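One-letter residues, chain by chain:
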Amino acid sequence: MRILFLVYHGFSEFSGISKKIHYQVKGLRENGHEVHLCSYGFAENGHRCRYIDDDVLADYGTGVMAGLRQRTEYDRLFDYCQLNGIDFVYARCFQNANPWLIRFFRRLRKAGIHAVTEIPTYPYDQEFVGFGWKARWGLAIDRLFRDKLARQMDAMVTFSDADIIFGQRTIRISNGVDFDSIPLHSPQLAPSSSLNLIGVAEVHYWHGFDRLIAGIGEYYKKGGTKDVRFHIVGGVADSEMHDSVHAKGFAELIAKYGVSDHIVFHGQLFGQQLDDVFNQSQFAIGSLGRHRSGISVIKTLKNREYATRGIPFIYSENDSDFDHQPYVLKAPADESPVDIQQIIDFVERFRMKPGEVRKTVEHLTWKIQMQQVIDEVMAHKNPV
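Model, not experiment: these values are computed from the prediction.

J.: Please explain the side chain of Gln168 as it appears in this structure.
T.: Structurally, the position occupied by Gln168 is in strand E9 (residues 168-172). According to the relative accessible area criterion, Gln168 is buried, its value standing at 11%. In this structure Gln168 touches Ala150, Arg151, Met153, Asp154, Ala155, Met156 and Asp163, once residues within four positions along its chain are discounted.

J.: Hey, could you run me through unusual backbone geometry in this one?
T.: The phi angle of most residues is negative, glycine excepted, and most peptide bonds adopt the trans form. Pro123 follows Tyr122 through a cis peptide bond whose omega is -5 degrees. Take Pro123: it is sitting in the loop between strand E6 (114-119) and helix H5 (133-150). A positive phi angle, near 55 degrees, is found at Asp53, a position not held by glycine. Note that Asp53 resides in the loop between strand E3 (48-52) and strand E4 (55-61). For Asp53, a relative accessible area of 31% puts it in the partly exposed group.

J.: Where do I start with empty space enclosed by the protein in this structure?
T.: In this approach the atoms are scanned with a rolling probe the size of a water molecule, which exposes any empty space left behind. Taken as a whole, this structure holds three cavities of 30 Å³ or more when the rule is applied. A volume near 120 Å³ is recorded for the largest cavity. Lining the largest cavity are 18 residues, and of these Cys93, Thr117, Ile119, Leu149 and Met156 sit closest to its centre. Those elements that provide at least two residues to the lining of the largest cavity are strand E5 (88-92), E6 and H5. The element best represented in the lining of the largest cavity is H5, accounting for four residues. Of the residues contributing to the lining of the largest cavity, the split by class is 13 nonpolar, two polar and three charged.

J.: Could you clarify how one ought to interpret the sheet that holds strand E13 (residues 283-285) in this entry?
T.: Either a parallel or an antiparallel arrangement is found when strands of a sheet pair, and the pairing is made through backbone hydrogen bonds. Here six strands make up an open sheet; going across it, the order is E12-E11-E10-E13-E14-E15 and the pairing parallel. Pairing within the sheet leaves two strands with one partner each, and these edge strands are strand E12 (263-267) and strand E15 (328-330). The mean angle between the axes of side-by-side strands here comes to 25 degrees, regardless of whether they run parallel or antiparallel. Where strand E11 (residues 227-233) meets E12, four bridges bridge the pair, whose relative direction is parallel. The partner of Ile232 across the bridge, within E12, is Phe265.

J.: What's the story with the layout of surface pockets in this structure? I'm lost.
T.: A volume near 520 Å³ is recorded for the second largest pocket. In this structure, the second largest pocket is lined by 21 residues; those nearest its centre are Pro187, Gln188, Gln282, Val347 and Phe350. Ranked by residue count, the leading element in the lining of the second largest pocket is helix H11 (residues 340-349), at three residues. Tallied by class, the residues present in the lining of the second largest pocket amount to 11 nonpolar, six polar and four charged.

Definitions and cut-offs
- Residues numbered from 1 in each chain as written.
- Predicted model: local features only at pLDDT ≥ 70, side-chain atom pairs only at ≥ 80, totals over all residues.
- Heavy atoms only, no water.
- Helix = DSSP H or I, 4+ residues; strand = E, 2+ residues; numbered from the N terminus.
- Buried < 20%, exposed > 50% of the residue type's maximum accessible area, 1.4 Å probe, protein only.
- Contact = heavy atoms within 4.5 Å.
- 1 Å grid on protein atoms, 1.4 Å probe; cavity = no way out; pocket = protein on both sides within 12 Å on 5 of 7 lines; lining within 4 Å.
- Points joined across faces, edges and corners; volume = space filled by probe spheres on them.
- Nonpolar A, V, L, I, M, F, W, Y, C, P; charged D, E, K, R; others polar.
- Pairing = 2+ DSSP bridges.
- Axes fitted to C-alpha atoms, helices over the stretch in contact; angles between N-to-C directions.

In structure tokens form, the structure reads like this:
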């Protein structure tokens with residue numbers, strides 16, 4: 001099958017989203033499909049361009065009109081799909097539904113080309129609370145047209161348990177993992193008097209890392225004696241460092257509890273540097289604030305990456321792949337500080353080896369998850 005994987009943005013070597021998309025493409029190719037990746041970005045000369053793999057499909061130029069053209073001009077992409085015998089388009093939602101995108105997918109449908117749109121998180125409206133006017137205006141336009149856009153799809157792909165999204169049936173899969181890119185956890189021997197925790201994310205309020213920082217503060221306030229350090233790997237915006245409408249700021253909490261020596265900000269790391277921080281850590285931190293954006297059920301990428309490394313971890317949402325696993329500790333989905341003593345006790349009792357943890361997620365490879373989408377679409381073909 002010839003597949004076009006469509007995203008409406010560019011890529012970054014530090015971005016977990018960028019890595020995920022490339023792993024999804026790899027998973028489709030491992031199933032024998034011919035896959036081409038369509039993205040949008042800036043050329044070296046500053047021009048806004050739409051790319052197919054590494055080739056420029058459309059050069060929109062510069063300035064305000066170029067920005068408008070890239071949001072409204074899909075004729076060349078449609079022509080590409082027809083001329084190159086594309087059978088299936090897998091699109092990743094960017095909260096960008098509009099009449100021109102609807103027209104593009106309607107034309108695909110009439111041409112007999114099947115399509116799905118992946119909704120990375122659902123629902124997503126509450127994620128925009130507190131954002132600037134430009135983001136909120138974009139969401140308002142998306143709300144007007146997303147149901148009509150969904151009707152042009154064969155299905156919506158979701159990592160939630162929703163049966164229907166925007167009036168369209170769903171294909172429910174899990175976020176996947178790429179075993180080739182994630183090394184096995186090789187924990188260093190640590191003194192019994194210390195505990196190193198790691199949280200990896202481009203940090204947003206729904207990650208709830210403030211709850212972990214507050215938990216460390218409360219642990220010492222109650223007389224805790226173990227040296228607990230929280231290693232935060234990834235970008236942390238000012239909106240997370242300081243009090244916001246969503247949560248207490250990291251800086252305010254660190255100052256309140258006097259725990260600056262226990263919170264380590266590494267910034268963005270990858271490769272061996274990232275592996276080194278993982279290997280000095282005994283426990284990982286997943287999302288602790290998904291309830292803040294109205295989400296109770298989600299199959300996050302980070303949980304799967306932690307399990308693939310073989311490190312135990314904590315999170316607060318519902319995730320059927322992990323909720324009952326012996327290497328998982330569940331936190332309540334509320335605003336309470338995380339119970340650090342509970343983590344300490346859990347780590348001291350934990351006996352599974354990294355390879356044993358990793359073995360439990362062998363069925364969650366991107367190769368398997370992406371083929372499920374193809375199989376579902378082909379088994380329930382909508383009439384053109």
